[in-house]
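Per-entry structural report
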Amino acid sequence: MTGRIGQNPTAGRIWQRAMSAAPARIVLALAIGMGLCGILSPVRAAPAPAPQASSIIGEWETKDHDGVFRIMQCGTEVCGDLVGLSYTKDVPKDHTGHSECGLRMLTGFTPDPEEAGHWNGHILDPDSGRVYHAKIWIAPTGALKLRGFVGVPLFGETETWTPFTGKIGPECRLP
C-alpha cells in the first residue's frame, strides 16, 4: 500500500477517529455521574515503579506498514521520529512544507505514575501542526500500543505497531 502517514489511518490520523467516539462520551458522563453520586468509590493503587524505557526504544512499523518510527531516549523523556515512509513520488511534506522524513512526531513521553509500563506524551499531526495527547506501552505480545486522544484516553483509538527489522532507503523510503 502506498501513501503517506498523513493520508492513512496511522499515527497522523488517530485523533480523527477519537472524535467519532460519541457513544464513549455517554459512558464517560455516566461514569462521572456515578462517581459523584458515591456509587463508585475511588480506589487508588499504590504508584507502580517507573517502567524502563528500554522496552519501547527501537524502530516500530505502523499497523498499515506505511511508516516506521524510531523511538529513543531524549534527555529525561522518550521521543520518536518518523524515519520510514511508503510513497511513490516526492517525500511527503508537513503543513509547513518541510519533509516528513525525520520529523519528530512523538514528544515528551514520561512514565505514567498510575499505570506500570505506560508512557504519557504527545503526538504531532504533520498535516495540521496540531499536537495531541498520546500513551504508549508494550503489549504482552511484544507489540507497541499507541493511543492518541483528545482530552482523556477514553476519547481515542489504539494502534498496534510491530518491531521493524527491514531496511529504510534514502529519504526515508520504505521498500
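None of the values given here were measured: they were computed from a predicted structure. Sequence order as written defines residue numbering, which begins from 1 separately in each chain. Reporting in this predicted model follows two pLDDT cut-offs: at least 70 for local features of residues, and 80 or more for side-chain atom pairs to be given and counted; totals over whole chains, interfaces and linings ignore these cut-offs and use all residues. Hydrogens are left out, water is left out, and the side-chain values use all remaining heavy atoms of the structure.

Some details on the overall build of the protein
Put simply, the rule is: Only DSSP runs of H or I reaching four residues or more are called helices, and only runs of E reaching two or more are called strands; each is numbered from the N terminus. For this analysis, residues touch if any pair of their heavy atoms sits within 4.5 Å. Here the accessible surface of atoms and residues is derived via Shrake-Rupley with a 1.4 Å probe, and residues count as covered only by protein chains that are part of the display.
Within the protein, the regular secondary structure consists of 2 helices and 8 strands. Listing the helices and strands of the protein from first to last along the sequence gives α-α-β-β-β-β-β-β-β-β. Look at the contacts in the protein between residues 6 or more apart in sequence, and 46% of them connect residues 24 or more apart. With the model as given, the accessible surface of the protein reaches about 9,300 Å², and the carbon-plus-sulfur share is 60%.

Notes on the nonpolar core
A general feature of soluble globular proteins is that nonpolar side chains tend to end up buried together. To keep things clear, this is the line we draw: By convention a nonpolar core is built from buried Ala, Val, Leu, Ile, Met, Phe, Trp, Tyr and Cys residues, the set being connected through side-chain atoms within 4.5 Å. Under the scheme applied here, a residue whose accessible area is under 20% of the maximum for its type counts as buried, over 50% as exposed, and between as partly exposed, the area being computed with a 1.4 Å probe on protein chains only.
The biggest cluster of nonpolar side chains holds 23 residues, and the ones touching the most others in it are Leu 106 and Leu 144. Elements supplying a minimum of two residues to this core: β2 (67–74), β3 (77–85), β4 (104–111), β5 (118–124), β6 (131–138) and β7 (144–149). With near-sequence residues (within four places) excluded, Leu 144 lies in contact with Ile 56, Trp 60, Ile 71, Ile 136, Trp 137, Ile 138, Glu 159, Thr 160 and Trp 161.

Points about the pattern of salt bridges
Using the following cut-off: When a carboxyl oxygen of Asp or Glu is within 4 Å of a side-chain nitrogen of Lys or Arg, the pair counts as a salt bridge.
If you walk through the whole model with that rule in mind, you get 4 salt bridges. Put simply, Arg 70 and Glu 59 hold a salt bridge, and the shortest N to O gap is 2.5 Å. In this pair, Arg 70 sits in strand β2 while Glu 59 sits in strand β1 (residues 58–61), placing the two residues 11 residues apart along the sequence. A salt bridge links Asp 81 to Arg 104; the shortest N-O distance between them is 2.6 Å.

A few points about the sheet that holds β2
Spelled out, the test is: Note on pairing: two strands pair once DSSP finds at least 2 bridges between them. The axes are straight lines fitted to the C-alpha atoms, using for helices just the contacting stretch, and the angles between their N-to-C directions are given from 0 to 180°.
Spatially, the 8 strands close up into a barrel ordered β1-β2-β3-β4-β5-β6-β7-β8, and their pairing is antiparallel. Taken over all neighbouring pairs, the strand axes of this sheet differ in orientation by 30° on average, direction set aside. One ladder, built from 8 bridges, connects β2 with β3; its direction is antiparallel. Residue pairing for β3: Arg 70 is matched across the bridge by Asp 81.

A word on the pairing of strand β8 (residues 156–163)
Pairing geometry for β1 and β8, over 2 bridges, is antiparallel. Each residue of the ladder has a partner; that of Trp 60, found in β8, is Pro 163. Pairing of β7 with β8, which is carried by 6 bridges, proceeds in the antiparallel orientation. Residue Gly 148 lies in a different strand from β8, and its bridge partner there is Glu 157.

Quick word on the environment of Thr 160
Examined against the element boundaries, Thr 160 turns out to sit in strand β8. Judged by its relative accessible area of 29%, Thr 160 falls in the partly exposed class. Taking the C-alpha atoms as reference, Thr 160 lies 8.9 Å from Glu 61; in sequence the two are 99 residues apart. Not counting the four nearest positions on each side in its chain, Thr 160 is found in contact with Thr 62, Lys 63, Ala 143, Leu 144 and Lys 145.

As for the state of the cysteines
Here a disulfide denotes a covalent bond joining the sulfur atom of one cysteine to the sulfur atom of another. Threshold: When two cysteine sulfur atoms are found within 2.5 Å, that pair is recorded as a disulfide.
Inspection of every chain in the model, using the stated rule, returns 2 disulfides. Here Cys 74 is linked by a disulfide to Cys 79, with a sulfur-sulfur distance of 1.7 Å. A sulfur-sulfur separation of 1.9 Å characterises the disulfide bridge that pairs Cys 101 with Cys 172. On the sign convention where negative is left-handed, the bridge of Cys 101 and Cys 172, at about 75° about the S-S bond, is right-handed. Here Cys 101, found in the loop between β3 and β4, pairs with Cys 172, found in the segment after β8; they are 71 residues apart in sequence, far enough to count as distant. For Cys 172, a relative accessible area of 7% puts it in the buried group. For the protein, numbering the cysteines in disulfides from first to last along the sequence yields the connectivity 1-2, 3-4.

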